[in-house]
Amino acid sequence: MLMFLNGRIVEEKEASISPLDHGFLYGLGLFETFRIYNRHAFLLDDHLRRLNEGLRMIGIDGCYSRKEILDALHTLLKANRLDDAYVRLNVTAGIHGVGLRDKLYTNPNLLIFMKPVDPDPPLSEKTAAILKLKRNTPEGEQRLKSHHYLNNVLAKQEMKGSNSAEGIFLTAEGYVAEGIVSNLFWQKGGVLFTPSVKTGILNGITRQFVMKLAKDAGFEVREGFFLPEEIQSAEEVFLTNSIQEITAVANFDGLELPGKVGHTVKILHRMYAALREQIWSKDEIFTGG
């Protein structure tokens with residue numbers, strides 16, 4: 001596939017950055033993953049808002065606009081002959097040699113990868129299991145979608161690379177946190193539960209979007225600190241991320257669940273699908289909550 005690198009379209013296998021880039025030496029970089037549906041970059045404004053805020057927090061001088069990124073995306077879609085795509089957008093700190101730096105990084109690298117996806121993904125399901133490995137705490141005040149990904153990699157190894165199951169992190173205190181590459185929700189009655197960002201989880205863009213959808217559908221949404229046994233009385237459990245959208249859970253650590261035939265996940269998936277070619281931000285959804 002072709003990719004975007006600092007304004008150029010290049011073959012992925014030919015792309016390179018310096019080994020002195022602090023994104024490589026110290027993991028100083030951020031990324032966003034999102035989908036393009038029929039040439040529409042779904043929730044792009046939310047992804048860029050999080051990216052730009054994160055870059056400011058870690059001292060990288062980069063602020064990317066919708067127009068700038070859309071120009072790059074449309075050029076890359078055309079080059080790869082795609083209308084629907086999985087996108088990974090990376091920003092690395094840039095070259096500054098060996099040694100930590102306490103000044104602003106003023107010459108970051110922008111890399112955008114792209115690959116084809118199903119333009120109309122159906123509601124899917126997985127199983128979920130609680131990991132032995134605990135969720136690490138954020139490096140700063142909040143978790144960023146950074147290149148520092150070792151906790152997730154080790155968790156994936158614990159799951160032995162299974163693509164049909166998601167590992168669920170607990171915090172060191174034993175509270176439910178998040179999946180390896182997903183946020184976690186469960187439903188009981190008319191209430192949708194999800195761990196608080198204060199547990200140290202990533203405040204996923206799809207997480208935020210689904211919370212607004214749920215409120216619009218009449219659910220009460222509760223964020224908090226929950227022990228895993230509290231999920232054992234759940235009626236439905238599901239996972240969210242920007243690539244897999246909403247994924248139903250058919251078995252949560254031994255608890256049999258409705259999976260993709262569940263009433264709640266079907267409602268939310270239908271609402272999600274109706275908006276994915278239209279909106280730039282969750283803020284375009286009105287809720288009374």
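One can find the structure itself at the top, above this paragraph.
So, here is what we can say about the structure in this document.

About the cut-offs
- Residues numbered from 1 in each chain as written.
- Predicted model: local features only at pLDDT ≥ 70, side-chain atom pairs only at ≥ 80, totals over all residues.
- Heavy atoms only, no water.
- Axes fitted to C-alpha atoms, helices over the stretch in contact; angles between N-to-C directions.
- Helix = DSSP H or I, 4+ residues; strand = E, 2+ residues; numbered from the N terminus.
- Parallel < 35°, antiparallel > 145°, perpendicular 65-115°, else oblique.
- Left-handed = near helix turned anticlockwise from the far one by under 90°.
- Contact = heavy atoms within 4.5 Å.
- Pairing = 2+ DSSP bridges.
- Phe/Tyr/Trp six-rings, centres within 6.5 Å; stacked < 30°, edge-to-face > 60°.
- Buried < 20%, exposed > 50% of the residue type's maximum accessible area, 1.4 Å probe, protein only.
- Lys NZ or Arg CZ within 6 Å of the ring centre and 35° of its normal.
- Expected span 1.5 Å × (residues − 1).
- Polar contact = N/O pair within 3.5 Å; in protein donor to acceptor, adjacent residues only side chain to side chain.
- Salt bridge = Lys/Arg side-chain N within 4 Å of Asp/Glu carboxyl O.

### So, the packing of helix α5 (residues 205-216) against helix α6 (residues 263-275)
For the pair α5 and α6, the least separation of the axes is 10 Å and the interaxial angle reads 110°. The angle between α5 and α6 falls in the class roughly perpendicular. Both α5 and α6 take part in a crossing whose hand is right-handed. For the pair α5 and α6, the contacting residues are Thr206, Phe209, Val210, Leu213, Ala214 and Asp216 in the first and Leu268, Met271, Tyr272 and Leu275 in the second.

### As for the sheet that holds strand β6 (residues 109-116)
Pairing in this open sheet of six strands is antiparallel, and the strands run β2-β1-β6-β5-β3-β4 from one edge to the other. Sheet topology places β2 (8-11) and β4 (40-41) at the edges, where each strand pairs with a single neighbour. Across four bridges, strand β1 (residues 2-5) lies against β2 in antiparallel orientation. Within β2, the position partnered with Leu5 by the bridge is Arg8.

### A closer look at the packing of aromatic side chains
Under the counting rule described, the total for this entry stands at ten aromatic pairs. Plain terms: the ring middles of Tyr37 and Phe42 are 5.9 Å apart, the flat faces sit at 85° to each other, and that makes the pair edge-to-face. According to the relative accessible area criterion, Tyr37 is buried, its value standing at 1%. Relative to Phe193, the ring of Trp186 lies with its centre 6.0 Å away and its plane at 10°, an arrangement referred to as stacked. Of the two residues, Trp186 and Phe193, both sit in the buried class. The ring of Phe31 carries the charged tip of Arg88 above its face, separated from the ring centre by 3.8 Å.

### What to know about helix α2 (residues 44-58)
The first and last C-alpha atoms of α2 sit 21 Å apart over 15 residues, in line with the 21 Å expected at 1.5 Å per residue. Here α2 has its buried residues at Leu44, Asp46, His47, Leu48, Arg50, Leu51, Asn52, Gly54 and Leu55. Buried residues in α2 make contact with β3 (29-37), β4, α3 (66-80), β5 (85-92) and α5. With its phi angle positive at about 80°, Gly59 sits one or two positions after the end of α2.

### Description of the side chain of Asn80
Within the secondary structure layout, Asn80 lies in helix α3. A polar contact is formed between the side chain of Asn80 and the backbone nitrogen of Leu2, at a distance of 2.9 Å. With residues up to four places along the chain from it excluded, the contact list for Asn80 reads Met1, Leu2 and Met114.

### Here's the deal with the pairing of strand β7 (residues 124-130)
Looking at chain direction, β7 and strand β14 (residues 245-252) are connected through five bridges and run parallel. Along β14, the bridge assignment pairs Thr127 with Asn251. Both β7 and strand β8 (residues 165-170) contribute to a ladder of four bridges, which runs parallel. Across the sheet, the residue bridging to Thr127 is Ala165, located in β8.

### A short note on the pattern of salt bridges
Inspection of every chain in the model, using the stated rule, returns 13 salt bridges. In this structure, Arg207 and Glu223 form a salt bridge, with 2.7 Å as the shortest nitrogen-oxygen distance. On the criterion of sequence distance, the pair formed by Arg207 in helix α5 and Glu223 in strand β12 (residues 220-224) is long-range, its members being 16 residues apart. Classification of Arg207 by relative accessible area gives buried; the value is 2%. When the shortest N-O distance is used, the salt bridge between Glu245 and Arg276 registers 3.0 Å. Highlighted residues: Glu245 in strand β14 and Arg276 in the segment after α6, separated in sequence by 31 residues.

### What to know about α6
End to end, α6 covers 19 Å across 13 residues, agreeing with the expected 18 Å (1.5 Å per residue, within 8%). Listed as buried for α6 are Thr264, Val265, Ile267, Leu268, His269, Tyr272 and Leu275. Packed against the buried residues of α6 are β3, β10 (183-188), α5, β13 (236-241) and β14.

That is the geometry; function is a separate question.
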